[in-house]
Amino acid sequence: SKTEALMGGGHSGPKMSSKGVVLGPDGKPCRTCTSVRDWASMSRSIKGAKITTNKATTATPITLPADCPPDVELLGRSSWTLLHSIAATYPEKPSTQQQQDATTFISSFSRLYPCHWCATDFQSWMKGAGGAPKVSSRQEFGQWLCEAQNEVNKKLGKEEFDCRKWEERWRTGWKD
Ligand code: FAD
């Protein structure tokens, strides 16, 4: 379910409103923790949003106007783009300072990420299977981020990404 996907394993899950909107630590609806589809079911209308029904999947994709605050999915896509792009331009042989910067950035990111449930799970992964960010080379950093995203992919029931293709996806472009 949406709730299970958002919360992952191990903890009691996010507080939800009756309409499936995730509540923030302040008890108010948290837009960056909720998909726009669930948000729309609460607010009935999002000005300018296009709602189309996909008959094949019965899913209801909603396209937000470009100048609306992000939902959990747009926030996620944009964040992975930034993270992988940082790794793609990270040196093959980073200095001590650059390694410190990368570690500090990921650590702050994991505490400031605007979907608090996502942030908590990311922190738990780093304390457990993922370990501390691997930042001793571009390749290592990219692979570590790829594993981090695969962890979320698994949690959301999405296909895992083949991390051997990380560099083509995020740095060089596809070979063919
Ligand atoms: P995304 O999953 O965002 O993927 C974007 C692109 O990245 C894909 O098109 C693909 O080309 C590429 N890609 C996919 N997997 C990998 C990989 N392993 N390595 C490299 N490239 C890859 N959402 C939730 O609902 N619950 C959560 O708990 C949650 N936690 C998150 C934690 C973090 C730290 C971040 C950054 C995001 C989190 N999200 C979470 C958002 C979620 O990961 C997706 O970004 C969101 O569901 C939108 O998915 P998407 O299918 O559009 O593409």
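Residues numbered from 1 in each chain as written. Predicted model: local features only at pLDDT ≥ 70, side-chain atom pairs only at ≥ 80, totals over all residues.

Identification of the protein chain as Sulfhydryl oxidase from Tothia fuscella is taken from an unreviewed UniProt entry. In its Cofactor (unreviewed entry) section, UniProt records this for the protein chain: "FAD". For the protein chain, the Subcellular location (unreviewed entry) comment in UniProt is given as "Mitochondrion intermembrane space". (UniProt positions renumbered as here; feature names shortened; annotations may be inferred.)

> Can you lay out helix α5 (residues 116–127) for me, pointing to particular residues and giving the numbers?
Compared with an ideal rise of 1.5 Å per residue, which puts 12 residues at 16 Å, α5 spans 16 Å between its outermost C-alpha atoms and is within 8% of the ideal. Taken together, the buried positions of α5 are occupied by Trp117, Cys118, Asp121 and Phe122. Buried residues in α5, looked at end-on, bunch into an arc of 135°, giving them a common side. (Helix = DSSP H or I, 4+ residues; strand = E, 2+ residues; numbered from the N terminus. Expected span 1.5 Å × (residues − 1). Buried ≥ 20, exposed ≤ 12 C-beta atoms within 10 Å, placed from the backbone. Arc of directions from axis to C-beta.)

> How would you sum up the site of the ligand? Please name residues and give values.
Neighbouring the ligand are 24 residues, the closest being Gly76, Cys118, Cys146, Gln149 and Phe161. Elements with a minimum of two residues in the shell around the ligand: α1 (2–7), α3 (72–88), α5, α6 (138–155) and α7 (166–172). The element best represented in the shell around the ligand is α3, accounting for seven residues. In the shell around the ligand, the residues fall into 13 nonpolar, seven polar and four charged. (Near = placed C-beta within 6 Å. Nonpolar A, V, L, I, M, F, W, Y, C, P; charged D, E, K, R; others polar.)

> Account for the nonpolar core, naming residues and giving values.
Counting residues in each nonpolar core, the largest one holds 12 residues, listed as Val21, Val22, Cys30, Cys33, Val36, Trp39, Ala40, Val72, Cys115, Trp117, Cys118 and Phe122. Counting only elements with at least two residues in this core, the list comes to α2 (36–43) and α5. In this structure, Ala87, Trp144, Leu145 and Trp170 belong to the second largest nonpolar core, which totals 11 residues. (Core = buried A, V, L, I, M, F, W, Y, C linked by C-beta atoms within 7 Å.)

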